[in-house]
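Listed here are the chains, written in short residue letters.
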Amino acid sequence: AIVTQQTELFNETVRYNIRYGSPMASDAEVEQAAREAHAWEFIHSVLPEGLDTRAGQNGNRLSGGQRQRIALARALLRKPEILILDECTSQIDLRSEELIRDSLMAHRGQRTMIIITHRESLLALADTVYEVSDGQIHPRFDHNRVAAA
């Protein structure tokens, strides 16, 4: 599953947009994925019709952080072996970034996550960090071991 910088949402309900990742999922599974992505609170308390609120064309009725958390819920609903996050926190507010980071931390060790980011805060989730420089991929020092020393 993949969550990109530019989230693609349909002019459908939030439920539909989450379930798109796994069309046969039950309502309980959709809700659980929303909870795991830290989206349930705003879905339940902010959106006028909850899961049945229309997201708008490309999610334009939602904030950037809300769109990203719905996209993360969609990806988590699939229960993927590999989760690719490509700059998924680059255009959102700090609080949404923290919620996404918390969600990813809770899933650490359950699946392989490939995180492409410029945000240093997400590096704490990594077991191994690589840096792209001059078109080459270079291993970066193990920040977890350095921090522990």
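Preceding this paragraph is the structure being described.
Each chain carries its own residue numbering, running from 1 in the written order of its sequence. It should be noted that, the model being predicted, local features are given only for residues of pLDDT at least 70 and side-chain atom pairs only at 80 or more, the latter also being counted only at that level, while totals for whole chains, interfaces and linings use all residues. Side-chain measures were taken over the full set of non-hydrogen atoms in the model, leaving aside hydrogen atoms and water.

**Side note on the overall build of the protein**
Counting from the N terminus, the helices are the DSSP runs of H or I reaching at least four residues and the strands are the DSSP runs of E reaching at least two. Tallying secondary structure elements over the protein gives 6 helices and 5 strands in all. When its helices and strands are written in sequence order, the protein yields β-α-α-α-α-β-α-β-β-β-α. Atoms counted for the radius of gyration: C-alpha only. Globule rule: 2.2 Å times residue count to the power 0.38. Whereas a compact globule of 149 residues would reach a radius of gyration of roughly 15 Å, the protein reaches 16 Å, a difference of no more than 12%. Across the 149 residues in the protein, those meeting the buried criterion constitute 41%. Intrachain contacts of the protein at a sequence separation of at least 6 include 64% that bridge at least 24 residues. In short, Shrake-Rupley with a 1.4 Å probe defines the accessible areas, and a residue's cover is counted only from the protein chains shown. Accessible surface for the protein amounts to roughly 8700 Å². Of this, 49% is attributable to carbon and sulfur atoms. Each residue is placed in one exposure class: buried if its accessible area under a 1.4 Å probe, protein chains only, is under 20% of its type's maximum, exposed if it is over 50%, and partly exposed if it falls in between. We call two residues in contact when some of their heavy atoms are within 4.5 Å.

**Overview of the sheet that holds strand 1 (residues 2-4)**
Any two strands with at least two DSSP-identified bridges between them are counted as paired. Ordered by their spatial adjacency, 3 strands build an open sheet running 1-2-3, and the pairing between neighbours is parallel. Because the sheet does not close on itself, it has two edges, and the strands there are strand 1 and strand 3 (112-116). Along the sheet, successive strands turn relative to each other by an average axial angle of 10°, direction set aside. Strands strand 1 and strand 2 (82-86) of the sheet are contacted by helix 4 (residues 64-77), whose axis makes an angle of about 170° with strand 1. Structural elements are reduced to axes, namely lines fitted to C-alpha atoms, with helices fitted over the stretch in contact, and the angle between N-to-C directions of any two is expressed from 0 to 180 degrees.

**A closer look at the pattern of salt bridges**
A carboxyl oxygen of Asp or Glu within 4 Å of a side-chain nitrogen of Lys or Arg is what we treat as a salt bridge. Applying the stated criterion to the full structure yields 7 salt bridges. Its salt-bridge partner being arginine 15, residue aspartate 52 comes within 3.0 Å of it at the nearest N-O pair. Here aspartate 52 is found in the loop between helix 3 (40-45) and helix 4, whereas its partner arginine 15 is found in helix 1 (residues 14-19), with 37 residues between them in sequence. Arginine 95 serves as the salt-bridge partner of glutamate 98, at 3.5 Å between the closest nitrogen and oxygen. One end of the pair is glutamate 98 and the other is arginine 95, both in helix 5 (residues 94-107) and 3 residues apart, which spans about a single turn. For glutamate 98, a relative accessible area of 25% translates into the label partly exposed. On the basis of relative accessible area, arginine 95 is assigned to the partly exposed category, the value being 49%.

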